[in-house]
Amino acid sequence: MPNHRRNGKKPRREFVKQSVATLGATLGVGAPVATQDTPARRREKPGSATRAWNGPYTGEHLRHVAFPLGGIGAGMICLEGTGALSHVSLRHRPDVHNEPAVFAAVCLKGAAANVARVLEGPVPKWKLYATPRAANGGEHRTWGLPRFRQASFEARFPFGTVRLQDDKLPVEVTLIGWSPFEPGDADNSSLPVAALEYTFTNRSRRLVEAVFSFHARNFMATGKEGNGVRPAPGGFVLWQAGSAAKPEDEGAFAAFVDDATVRVDHAWFRGGWWDPLTMAWKAVEQGAAEDRPPITEGEPSPGGSLFVPFALGPGGTHTVTLLLAWYVGRSGLRAGKSPTDETSTYRPWYVSRFASVEEVVFQWSRAYAERRAGAARFRDCFYDTTL
């Protein structure tokens, strides 16, 4: 039966199902295909550099780029123009200021010393002053860690591409972030998942040994109890349990890779203030790649990390595909007047398909290639026009 809202508006999933017909009709009009000879339209702003229309974002144009990842109505994580992850909104409401300590990094091993970098470009200066807790040093932020010197971003929905360069480093990095989307396929366009593909290219004439890593403070935790870090195939799960008073607190976030060499740290250092992040970064700088089992006694682990060692020959490339999945099956959201004995609240569509984050992880890892092909079909069709 049709899914109608009380206010008469069409649900987003119904819109996706029907949009394929509209898109096909639009693209079949015979619009001219963009070519290299087509003059680029520019939008100029007094006192600022110009940017080609629909071209890459660089410099000051990167300051406020936030590219959404995640299925329709399933939650969101934004890939910023610098490669940072922010706007983490998995609990069914926008949380645009939520930028937890979640980051990827690389350590390039050397005979004299290792070189470690967060896989992001420079932090936009406005963040240092205009965000919550900035006056307190940006607690739980990663802004003080070393990064690549240059970044650019290009949007080709549902794919966003970040390119990182640093003249002092022998590698350059391309990061492609995306989530499943294909008109007419509402179910697979509404999954609580995202992917981050990090491709490393060796620009030098020597062998480069490196360690990719991904780190996340447990941003799912809503308090000091009933949370922790548990294993997932190829990665870890950040989790928070619900309670009788607040069942909507229950939720989980998974990060994992399909790589036999992966090592997972489920047990971050348990300390105050910046101590856990300081120790996590120390492991990055050392090029460590060690397994540490989940904590079973005392306070829970404040976060988790995964490590993937690899080597690059001269001119060689290597890609690490990081998959993200989440599951927040309940919420405290409701709208309109309800009888006093009515206790139902909003629940996302995906709970009808999955019972846990582990089921989402299993499906996402198996269907990754197929979902990517579908998203690429839409991108190639949509951008093969000047409309």
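Here, the structure is the one placed above.
Residues numbered from 1 in each chain as written. Predicted model: local features only at pLDDT ≥ 70, side-chain atom pairs only at ≥ 80, totals over all residues. Heavy atoms only, no water.

K.L.:
How should the sheet that holds strand β18 (residues 303-312) be read in this particular structure?
P.N.:
In a beta sheet, neighbouring strands pair by backbone hydrogen bonds and run either parallel or antiparallel. One open sheet holds the five strands; their spatial order is β8-β7-β13-β18-β17, and the pairing between them is antiparallel. Each of the sheet's edge strands pairs with one partner strand only, and the pair in question is β8 (115-118) and β17 (263-265). Averaged over all pairs of adjacent strands, the angle between strand axes in this sheet comes to 20°, irrespective of strand direction. By the bridge criterion, three bridges tie β17 to β18 in an arrangement that is antiparallel. (Pairing = 2+ DSSP bridges. Helix = DSSP H or I, 4+ residues; strand = E, 2+ residues; numbered from the N terminus. Axes fitted to C-alpha atoms, helices over the stretch in contact; angles between N-to-C directions.)

K.L.:
What exactly am I supposed to notice about the nonpolar core here?
P.N.:
Across soluble globular proteins, you tend to see nonpolar side chains buried next to one another. If you look at the biggest cluster of nonpolar residues, it comprises 74 residues, and the most contacted ones within it are L119, F200, F212, F214, F253 and L306. Each residue touching F200, except ones within four places of it in the same chain, is listed here: V106, L119, E172, V173, F212, F310, L312, G316, T317, H318 and V320. F103, A105, V118 and V284 belong to the second largest nonpolar core, which has eight residues in total. (Core = buried A, V, L, I, M, F, W, Y, C linked by side-chain atoms within 4.5 Å. Buried < 20%, exposed > 50% of the residue type's maximum accessible area, 1.4 Å probe, protein only. Contact = heavy atoms within 4.5 Å.)

K.L.:
Looking at this structure, I do not really get the environment of A241. What am I missing?
P.N.:
Within the fold, A241 resides in the loop between β15 (235-240) and β16 (251-257). A241 gets classed as partly exposed once you look at its relative accessible area, which sits at 30%. Each C-alpha atom, one on A241 and one on E225, is 8.6 Å from the other, the two residues being 16 residues apart in sequence. The residues contacting A241, other than those within four sequence positions of it, are G226, D249 and E250.

K.L.:
Help me understand the sheet that holds strand β5 (residues 76-80) in this model?
P.N.:
As summarised here, the arrangement of the three strands in space is β4-β5-β6, forming an open sheet in which the pairing is antiparallel. For this open sheet the edge positions go to β4 (66-69) and β6 (85-89), each flanked by a neighbour on one side alone. For this sheet, the mean angle separating the axes of adjacent strands, direction not counted, is 25°.

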